[in-house]
Amino acid sequence: MTDPRPAGTAPAISEVATDALVAWFADRGEPAYRARQVIAGVSAGRARDFAELTDLPLRLRAALAEDYRFSSITATEVIRTDQGLTEKAVHELGDGQRIESVLMRYPARGGHAERTTICISSQAGCAVGCPFCATGQGGFGRHLSAAEIVDQVLWWRRSAEHGLDPERHVNVVFMGMGEPLHNADRVFASVWILNDPARVGIGARHLTVSTSGVVPAMLRMTDELPQVNLAISLHAAHDELRDELVPINRKWPVAEVLDAGQQFAARTGRRVSLEYVMIDGVNDSPEEAGRLAELARGWLCHVNLIPLNPTPASPWSGTPREGIDRFASVLREAGVATTIRDTRGRSIEAACGQLHAQLAKRPLRSAAGLPELELVTV
Ligand code: SAH
Ligand code: SF4
């Protein structure tokens, strides 16, 4: 596994193994509990720099800052919408690459407690090239390191604006830029760090990996991350159409992807989510709904219909609401559990990879790694 960390930069503290940090302190004649103090302090999101780890002597804080980076994110800008319920961050990394993460808040309603979902990126760009997706249209940049993945979550946790305290109910979904299972080693490492109670401490059941269908890595997930949720971006129920919408289908066709999904469901007992972007006149016919119903019936899955967020480089638009409802009824009548996703963040193009292109030509406004407090509201 080659390290995608930008050349000349120190390791980011969020991915440094506890043993390595214990050894680092031992070299300085310090006890092991110091390492745990640092890890707890960084993961809790209260400190925004090594200097703010105030339970550590000053000289150790200074020494840490020499050998490690507090965050792999060097600058961030935030845009908010939906009356502040949805916020999208563009983060800059050590080598100038830009990635996005989105925070969506769902207030308590009808017996459901308040919850927050953070959508994070796993790569800068994406090599799969789905024509309806802004990230796919931009091509592949590079893999993200485990720290660059985890630091997106820590960035939101640190932000005073959000007060995301560790006890709060937070879901993390790998639905930002990139194909997580093309970067499986680092994504799996980031999941361990996010899940580790001594680190970020988010329960595995609150973590979701979304994939366009990288079958071998889906099978690996079944073995290595059986408690994490799996979402499959299906978007078409037959190969000819899926070859066009999700080009990786030419390598792993619908039947193989669903077979891997069924193995995951059978072995883990966890319900798989089939994501289906609704594109007007392309994949939303009653026939396609019928085919999808056939594929989804009889195993532990549900279908999540997502209205397409239009992108500049594609002529397609989203299926109107009535069309989505009709498609959903075909599925429901066939006994397939079906939900329709709300269109959060439309005005800030929160779907995937669209914002950073707009900001590409100018520097971001915030200081290194710190939450941006001067928010742009749209
Ligand atoms: N590469 C992974 C995860 C990132 S994309 C995957 O494809 O699953 C996360 C989700 O956003 C996918 O289901 C993807 O199809 C969807 N998506 C991408 N572009 C979109 C758009 N323009 N409108 C709506 N959903 C989109
Ligand atoms: Fe990549 Fe997912 Fe976008 Fe397809 S939808 S191009 S797999 S990020």
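Above: the structure in question.
Bringing the packing of aromatic side chains into the picture now. In the structure shown here, the tally under the stated rule is five aromatic pairs. Residues Trp 155 and Trp 156 carry aromatic rings whose centres are separated by 4.9 Å and whose planes lie at 90° to one another, so their mutual orientation is edge-to-face. Judged by relative accessible area, which is 0%, Trp 155 ranks as buried. Judged by its relative accessible area of 0%, Trp 156 is buried. For the ring pair Tyr 276 and Phe 327, a centre distance of 5.1 Å and an interplane angle of 35° mean the geometry is tilted. With Tyr 276 in strand E10 (residues 272-278) and Phe 327 in helix H11 (residues 321-333), the pair connects residues that are 51 residues apart, well separated along the chain. Judged on exposure class, the residue Tyr 276 and its partner Phe 327 are both buried. Every member of this aromatic cluster is reached through a ring pair, and the members are Trp 24, Phe 25 and Tyr 68. A cation over an aromatic ring shows up here: Arg 28 above the ring of Trp 24, its NZ or CZ 3.8 Å from the ring centre. The lysine or arginine in question, Arg 115, covers the ring of Tyr 106, its NZ or CZ lying 4.4 Å from the ring centre.

Neighbouring ligand 1 are 21 residues; Gly 178, Ser 210, Ser 233, His 235 and Asn 309 lie closest to it. Contact distances for ligand 1 include 3.1 Å between a nitrogen atom and a backbone N or O atom of Phe 132. The side chain of Glu 179 places a nitrogen or oxygen atom 3.3 Å from a nitrogen atom of ligand 1. The fraction of the free accessible surface of ligand 1 (530 Å²) that becomes covered by protein chains is 94%. For the shell around ligand 1, the secondary-structure elements that each account for two or more residues are strand E8 (207-211) and E10. When its residues are assigned to classes, the shell around ligand 1 shows ten nonpolar, nine polar and two charged.

What counts, and at which threshold
Residues numbered from 1 in each chain as written. Chains lettered and ligands numbered in written order. Predicted model: local features only at pLDDT ≥ 70, side-chain atom pairs only at ≥ 80, totals over all residues. Heavy atoms only, no water. Phe/Tyr/Trp six-rings, centres within 6.5 Å; stacked < 30°, edge-to-face > 60°. Buried < 20%, exposed > 50% of the residue type's maximum accessible area, 1.4 Å probe, protein only. Helix = DSSP H or I, 4+ residues; strand = E, 2+ residues; numbered from the N terminus. Lys NZ or Arg CZ within 6 Å of the ring centre and 35° of its normal. Near = heavy atom within 4 Å. Polar contact = N/O pair within 3.5 Å; in protein donor to acceptor, adjacent residues only side chain to side chain. Areas by Shrake-Rupley, 256 points an atom, 1.4 Å probe, with all protein chains shown as cover. Nonpolar A, V, L, I, M, F, W, Y, C, P; charged D, E, K, R; others polar.

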